[in-house]
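Results of the structural survey
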Amino acid sequence: MNRQLYTKKWSLIIMGSVFIGLILFFISAKSSSSEPVDRSELTPTLFIHGYKGGPRSFQSMMDRMENLQWGKKHMTIYVSSSGMVSIQGNFSNTPRPFVQVLFENNRASIQDQTYWLQQVMKKLHTEHKIQQVNLVGHSMGGLASAGYLMSESDIPAPTVEKLAVIASPFNGIKKEGYFASNYGEATTDLQPGSNALEQMEERKENFPPEIEVLAIAGVINGKDPEEDHWDGLVHTSSVSRLEKIVPFGQYREEQIYNDLATHSGLHELAEVDRMLAVFLWDETDKENLNSFDEHL
């Protein structure tokens, strides 16, 4: 009889241990799964390419940032020339998801790109329940992002918290011969004094009063104050024109003096990666930023 009680006692102990182990296993599996997190807590960063840009435009930057654990690419959004939006990927439990936005017509006007961004935002809000985003635009991608912020629309959309533009020509492109060798509606908008750029400045009252803005410009021709500084295509004065649009106190600018800070090379520089990380995620782990320094 004592032996039977002893055996029963240990059977109960073993069964209890197994039961507890299963509970802990399922709790662990659930916490480490790719189940979507609360969308209200997510702030995706959208990367928007410039004139003639494409999938490679921001991919290496996102790869570098992912390697430094500053975030992770979760989604690619394709916009057809007719404005049809298709999404590849989804959001999971990554605190800083990256989204790459690609326009099929990468030579389109600012007006068209503004409309397409409206449709992208609508889809993120209605289908993915995204409440807020950051925008990073290179060159014309910065113009389209600013145009979107000043557009008047009743379309439900996430709130834009921060805007970063890289080498964006808010006063147009003055490089001799540039428009003779390029084509598309964008080339009309990118000329100094174009209607699109003038209208953007005229609508500055529509610029949201709470968004933080960072403009990054490249300088490849030294620090001589007598020189007209530029990145080989866009002059710093053209980038700085954004300050006339953004409400007082919301604008800051960084200029990168580096032979490699060309118009197409600026977003390939580690220094620019760091500027964006500090600006977009000012609560970024300092350890990750320190580890970044070690990679330089």
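Residues numbered from 1 in each chain as written. Predicted model: local features only at pLDDT ≥ 70, side-chain atom pairs only at ≥ 80, totals over all residues. Heavy atoms only, no water.

**Some thoughts on the overall build of the chain**
When you go through the chain residue by residue, the secondary structure sums to 9 helices and 8 strands. Looking at the chain as a whole, 48% of its 296 residues are labelled buried. Sequence-distant contacts, at least 24 apart, represent 76% of the contacts inside the chain between residues at least 6 apart. Counting only carbon and sulfur atoms, one obtains 50% of the accessible surface of the chain, whose full area is about 15500 Å². (Helix = DSSP H or I, 4+ residues; strand = E, 2+ residues; numbered from the N terminus. Buried < 20%, exposed > 50% of the residue type's maximum accessible area, 1.4 Å probe, protein only. Contact = heavy atoms within 4.5 Å. Areas by Shrake-Rupley, 256 points an atom, 1.4 Å probe, with all protein chains shown as cover.)

**A look at the packing of aromatic side chains**
Evaluated as defined, the whole model comprises 5 aromatic pairs. An aromatic cluster is defined as three or more aromatic residues linked by ring pairs; in this entry it consists of F47, F58, F98 and W281. In this arrangement the basic side chain of K223 is found over the ring face of Y257, its NZ or CZ atom lying 5.3 Å from the centre. (Phe/Tyr/Trp six-rings, centres within 6.5 Å; stacked < 30°, edge-to-face > 60°. Lys NZ or Arg CZ within 6 Å of the ring centre and 35° of its normal.)

**Some remarks on the pattern of salt bridges**
As enumerated under the stated definition, the model contains 5 salt bridges in all. Notably, a salt bridge pairs E201 with R241, separated by 2.9 Å at the nearest N-O pair. Of the two residues, E201 is situated in helix α6 (residues 195-202) and R241 in the loop between α7 (236-240) and β8 (251-257); the sequence distance between them amounts to 40 residues. R241 sits in the buried class, given a relative accessible area of 18%. Across the pair E254 and R252 runs a salt bridge, and its minimum N-O distance is 3.0 Å. Residue E254 is classed as partly exposed on the basis of its relative accessible area of 24%. Classification of R252 as partly exposed rests on a relative accessible area of 38%. It is possible to trace a salt-bridge network through shared partners that takes in R64, E268 and D273. (Salt bridge = Lys/Arg side-chain N within 4 Å of Asp/Glu carboxyl O.)

**Side note on the confidence of the model for the chain**
Taken over all residues, the pLDDT of the chain has a mean of 87, while the share at 70 or more is 82%. Below a pLDDT of 50 lies the segment residues 20-35, which in the model reaches 6 contacts outside its immediate sequence neighbourhood of four places, other chains included. Across residues 285-296, where pLDDT falls below 50, the model places 18 contacts with residues more than four positions away in sequence or in other chains. (pLDDT = per-residue confidence, 0-100.)

**Remarks on unusual backbone geometry**
Positioned with a positive phi, K129 is a non-glycine residue whose angle comes to about 60°. Looking at where K129 falls in the secondary structure, it is placed in the loop between α3 (110-128) and β5 (132-138).

**Points about the nonpolar core**
Core analysis: the biggest nonpolar cluster contains 52 residues, and L46, L135, F207 and L242 have the highest contact counts within it. A per-element tally of this core places helix α4 (residues 140-150) first, with 7 residues. Not counting chain neighbours up to four residues away, the residues in contact with L46 comprise V99, V101, V120, M121, L124, V133, N134, L135 and V136. Counting 25 residues, the second largest nonpolar core, distinct from the first, contains F98, A164, L214 and W281. (Core = buried A, V, L, I, M, F, W, Y, C linked by side-chain atoms within 4.5 Å.)

**Quick look at the sheet that holds strand β3 (residues 85-89)**
With respect to topology, 8 strands assemble into an open sheet ordered β3-β2-β4-β1-β5-β6-β7-β8, the strand pairing being mixed. In the strand order of this sheet, the two ends are held by β3 and β8, each with one partner. Across the sheet, the mean angle from the axis of one strand to that of its neighbour is 20°, orientation sign disregarded. Where strand β1 (residues 45-48) meets β5, 4 bridges bridge the pair, whose relative direction is parallel. Pairing of F47 across the sheet is with V136, part of β5. Here helix α8 (residues 270-280) sits on the sheet and contacts β1, β5, β6 (159-166), β7 (212-219) and β8; the angle it forms with β7, its principal contact strand, is near 170°. (Pairing = 2+ DSSP bridges. Axes fitted to C-alpha atoms, helices over the stretch in contact; angles between N-to-C directions.)

**What to know about the side chain of S194**
Within the secondary structure, S194 sits in the loop between α5 (185-189) and α6. For S194, a relative accessible area of 8% gives the class buried. Side-chain polar atoms of S194 contact the backbone nitrogen of L197, separated by 3.2 Å. (Polar contact = N/O pair within 3.5 Å; in protein donor to acceptor, adjacent residues only side chain to side chain.)

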